[in-house]
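# Fold and contact review
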Amino acid sequence: MAAGVVSDASAAFLLSLVHDIVLGDLAAGMFKKDCTDLVRRIALFTHLLEEIRDFAASDHPHASSSSSSSWSADLAVALQAAKRLLSAASAHHSANSSDGAAKRISFQFQCVTWKLEKSLAKIPFDQFQISEEVQEQVALVRAQLRRATERYGSLNSRKVSNAISQLPEKERSNTNHEISAKLDSIPESCTTLGHAADKETKILERVNSSSIPSEVCLSNEVDSKGQENLAAKGAEQTKKPDSLVIPVDFLCPISLELMRDPVMVATGQTYERSYIQRWIDCGNVTCPKTQQKLENLTLTPNYVLRSVINQWCAKHNIEQPSGLANGRLKKSNGSFCDISGDMAAIQELVSKLPSRCLEERRAAVAEIRSLSKRSTDNRILIADTGAIPVLVNLLTTDDASIQEHAVTSILNLSIFENNKSLIMLAGAVPSIVQVLRAGSMEARENAAATLFSLSLADENKIIIGSSGAIPALVDLLQNGSNRGKKDAATALFNLCIYQGNKGRAVRAGIITALLKMLTDSRNCMVDEALTILSILASNHDAKAAIVKASTIPVLIDLLRTGLPRNKENAAAILLCLCKRDAENLACISRLGAAIPLTELTKSGTERAKRKATSLLEHLRKLQQL
């Protein structure tokens, strides 16, 4: 298949999509406001795309880079999804439509809004010399989209329920939409951990001080190569021969897109994993298509359908998510290279992984580890040969060397975005947690890094959090090597972005571990400890545990003596602890917090000044009582 329009979508192409959406007919029924709001927000993309178009027209060398095509592919896919949704919503009439159709459209607004916000986040403003005014406008639109994504859960569920109540022959279903993993819970300061969570496609960048080279050194690779699959995905899903009709059974009933990771719910219906997982995460307990109540929320991989879809894609020369097509691999410049020889060699290695000969297994898994470290192409090929389930089985071996190589291979493979779902599909998390608990120190370090990598996908945060991983990570945070502690801190930070995991972390004793990090100057992890405390402090149980652990005096001391970033986070944590809590306010007043806070309003970072000013205002109100 030729390179799709979306893989190198120009600003002009994106502008035309925006214009089509803005000039299109809007729904007049129950989704009128949703359509109007979505179109209004998309219309605000115009100035941004015009500046990018003008920049590209001036023959700047970076205007057509691979990173550029990556973000443009994402935005094009999101805009086309929005266009399809607006068309479906306009055609929907509550009087003669099923309740299931209404709920699917309602949920699709949430998904499309989420897609648009994520695609805007990837645009390299500096590369295109975007003006400050337009950057501010985009920041505003992103904030609106984030709030809309969170709000859709509760608002649309009520709207749909009201519409369904008008149809007596239909059974009304009660849903409780709630998005717990809010982007607003991420601290504003761009600490090492903050950057990791803000960039969904960026994995841990670390320097391994041991004799073994670091398996993950990814900032450049993930930002460029690691996103090529997004462009490929956009291309193959949005540009297909006009005469080619995708079989209805291959389309996800929620997204109406070709399924790549089909899974079945308890009713027997099949959906794309990411969409049905998001549906469930929002509190729904019914099947989107049939509206039957789900007896359980288990998602069962539909291997048969997945195989049939892959065969159909190969037959029609449609790229797989990995960029593979008929033994050829798509490169970053859009060309294809023959990798049949490499595939044969890797297949031979994978065939040796289950060998009864211990030495042969060791040699094979060591070579897989080495290959998976070298390049994205190798990660694609290794996964495509079916190595992931075999590597997962090796995690439970008694041989420490094989276990280390296996968990590190899975870590390296997880760098490629599409491999994350395959690793989760293979049921790897329980075995990775077992390695995290009882493996060698190197294996534990890389198990923690693997959990972080997998948790970059929001839907995986819940699965990992409920697997018993958090207590094991807290133990590594307390008792691991320096590198192990950093890996554990990064994984815990990312997992605790999801509200449900904060309580688990508190029960696992994370507050005690963080307080020790704050008071132990030798381990140099004050930044990490403060950043994790910043996101935990909004949780009721965490707040109580932080106060009980006598952390407030330590935080006030950091206001006086810490680095600028330490002072900023300390002020943010204290503000969380003292809001609507007169007892904690009185405590920081007795400890003399007013003086360092006043100094912070004059010489701190912008965020520190805001937090300090707010805290001082609370203190003044307390004194007036």
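This one's a predicted model, so the numbers in the text were calculated from it and none came from an experiment. (Residues numbered from 1 in each chain as written. Predicted model: local features only at pLDDT ≥ 70, side-chain atom pairs only at ≥ 80, totals over all residues. Heavy atoms only, no water.)

## Brief notes about the packing of aromatic side chains
As a reminder, the rule being used: Only the six-membered ring of Trp is used, alongside the rings of Phe and Tyr, when aromatic pairs are assigned; centres must lie within 6.5 Å, and planes under 30 degrees apart are stacked while those over 60 apart are edge-to-face, with the rest tilted. What counts as a helix is a DSSP run of H or I of at least four residues, what counts as a strand is a run of E of at least two, and both are numbered from the N terminus. Per-residue accessibility, obtained with a 1.4 Å probe over protein chains only, is compared with the maximum for each type, and a residue is labelled buried under 20%, exposed over 50%, and partly exposed between these values.
One pass over the full model with this rule turns up two aromatic pairs. Ring centres of Phe-107 and Trp-279 lie 5.2 Å apart, and the angle between their planes is 85°; on these two criteria the pair is classed as edge-to-face. Here Phe-107 is found in helix α5 (residues 99–121), whereas its partner Trp-279 is found in helix α11 (residues 273–281), with 172 residues between them in sequence. The pair formed by Phe-107 and Trp-279 is uniform in burial state, with each residue classed as buried. Between the aromatic rings of Phe-250 and Trp-312, the centroid separation amounts to 5.7 Å while the plane-to-plane angle is 75°, which identifies the pairing as edge-to-face. Of the two residues, Phe-250 sits in the loop between α10 (228–238) and β1 (262–264) while Trp-312 sits in helix α12 (residues 303–315), which places them 62 residues apart along the sequence. As far as the burial class goes, Phe-250 and Trp-312 line up, both buried.

## Brief notes about the packing of helix α25 (residues 510–519) against helix α26 (residues 526–536)
We apply this condition: Only the stretch in contact is used when fitting a helix axis, every axis being a line fitted to C-alpha atoms; angles between N-to-C directions are given from 0 to 180 degrees. When the near helix sits turned anticlockwise from the far one by under a right angle, the crossing is termed left-handed; a clockwise turn instead gives a right-handed crossing. Whether two residues are in contact is decided by their heavy atoms, any of which lying within 4.5 Å being enough. Residues are grouped as follows: Ala, Val, Leu, Ile, Met, Phe, Trp, Tyr, Cys and Pro are nonpolar; Asp, Glu, Lys and Arg are charged; all remaining types, including Gly, are polar.
Here α25 crosses α26 at 145°, and the two axes come no closer than 8 Å. Between α25 and α26 lies a crossing whose hand is left-handed. Note on element contacts: α26 touches α25 through Val-526, Glu-528, Ala-529, Leu-530, Ile-532, Leu-533 and Leu-536, opposite Ile-510, Ile-511, Leu-514, Met-517 and Leu-518. Of the residues contributing to the contact of α25 with α26, the split by class is eleven nonpolar, no polar and one charged.

## Observations concerning α25
The element α25 is largely enclosed, with a buried count of seven among its ten residues. Elements in contact with the buried residues of α25: α22 (469–479), α23 (482–495), α24 (499–507), α26, α27 (540–548) and α28 (552–561).

## As for the sheet that holds strand β2 (residues 270–272)
As a reminder of what qualifies: We call two strands paired when DSSP finds no fewer than two bridges between them.
Spatial strand order, β2-β1-β3: three strands in an open sheet with antiparallel pairing. In this open sheet, the two strands that pair with only one neighbour each are β2 and β3 (300–301). As defined by bridge partners, β1 adjoins β3 across two bridges and the pair is classed as antiparallel. Note that in β3 the partner of Val-263 across the bridge is Pro-301.

## A word on the side chain of Gln-144
Tracing the sequence through the fold places Gln-144 in helix α7 (residues 132–165). Discounting residues that sit within four places of it in the chain, Gln-144 has contacts with Arg-40, Arg-41 and Leu-44.

## Focus: the pattern of salt bridges
Convention followed: By salt bridge we mean one thing: a side-chain nitrogen of Lys or Arg within 4 Å of a carboxyl oxygen of Asp or Glu.
Considering all chains together, one arrives at 20 salt bridges under this definition. The salt bridge involving Arg-142 is made with Glu-117; its shortest N-O contact spans 2.7 Å. Placement of Arg-142 in helix α7 and of Glu-117 in helix α5 is noted, with a sequence separation of 25 residues between them. Among the residues examined, Arg-142 registers a relative accessible area of 24% and is labelled partly exposed. Between Glu-359 and Arg-362 there is a salt bridge, with its nearest N and O atoms 2.8 Å apart. Taken together, the residues span about one helical turn, with Glu-359 and Arg-362 both in helix α14 (residues 358–374) at a distance of three residues.

## Regarding empty space enclosed by the protein
Spelled out, the test is: The way it works is a 1 Å grid over only the protein atoms, where trapped points that fit a 1.4 Å probe form a cavity and open points with protein on both sides within 12 Å along at least five of seven lines form a pocket, and then any residue with an atom within 4 Å of a point lines it. Grid points are joined across faces, edges and corners, and a volume is the space filled by probe spheres set on the points. The domain limits used here are those given by an automatic or database domain assignment.
As enumerated under the stated definition, the model contains five cavities of 30 Å³ or more in all. What lines the largest cavity is a set of 13 residues, and nearest its centre among them are Ala-81, Gln-108, Val-112, Ile-254 and Ser-255. Of all the elements in the fold, those that place two or more residues in the lining of the largest cavity are α4 (66–91) and α5. Taken together, the residues of the lining of the largest cavity sort by class into eight nonpolar, two polar and three charged. Viewed by domain, the lining of the largest cavity spans two of them, domain 1 (8–56 + 69–92 + 101–155) and domain 2 (248–316), each represented by three or more residues.

## Looking at the nonpolar core
Basically, it comes down to this: Residues belong to one nonpolar core when they are buried, are Ala, Val, Leu, Ile, Met, Phe, Trp, Tyr or Cys, and are joined through side-chain atoms within 4.5 Å.
In this structure, Leu-353, Leu-391, Leu-473, Leu-477, Ile-510, Leu-514 and Ile-588 are the most contacted members of the largest nonpolar core, which totals 99 residues. Setting aside residues no more than four positions away along its own chain, Ile-510 makes contact with Val-474, Leu-477, Leu-492, Ala-505, Ile-532 and Leu-536. In terms of nonpolar packing, the next biggest core, distinct from the first, is built from 40 residues, Ile-21, Ile-52, Ala-89 and Val-141 among them.

## Quick word on the packing of helix α29 (residues 564–578) against helix α30 (residues 582–590)
Applicable threshold: Throughout, the term roughly parallel applies to angles under 35 degrees, roughly antiparallel to angles over 145, roughly perpendicular to angles from 65 to 115, and oblique to all others.
Two elements in contact, α29 and α30, have axes separated by 7 Å at closest approach and are oriented at 135°. Considering their axes alone, α29 and α30 lie oblique with respect to each other. Two secondary-structure elements touch here, α29 through Leu-574, Leu-577 and Cys-578 and α30 through Asn-584, Leu-585 and Ile-588. Looking at the contact of α29 with α30 residue by residue, the classes come out as five nonpolar, one polar and no charged.

## Comments concerning the confidence of the model for the chain
Quick note on the threshold: Scored from 0 to 100, pLDDT records how confident the predictor is in each individual residue.
When pLDDT is averaged across the chain, the result is 76; 75% of the residues are at 70 or more. Contacts from residues 60–68, a stretch scored under 50 in pLDDT, to residues over four places away or in other chains number twelve contacts. Predicted confidence for residues 154–242 stays below pLDDT 50, and this span has 197 contacts to residues more than four positions away or in other chains.

## Quick look at helix α31 (residues 594–603)
An α-helical segment advances 3.6 residues per turn. Residues three or four places apart therefore align on the same side. Put simply, the test is: As used here, the arc is the angular range of directions from the helix axis to the C-beta atoms.
For α31, the complete set of buried residues consists of Pro-596, Leu-597 and Leu-600. Looking straight down α31, one finds that the buried residues subtend no more than 100° of arc, so they occupy a single side. Exposed and oriented more than 90 degrees from the buried face of α31 are Ile-595 and Lys-602. Where α31 is buried, its residues contact α28, α29 and α32 (606–624).

## Focus: unusual backbone geometry
Non-glycine residue Gln-291 carries a positive phi angle of around 65°. You can see Gln-291 is positioned in the loop between α11 and β3. Judged by its relative accessible area of 10%, Gln-291 is buried. For Arg-580, which is not glycine, the phi torsion reads 55° and is therefore positive. Looking at the element boundaries, Arg-580 is found in the loop between α29 and α30.

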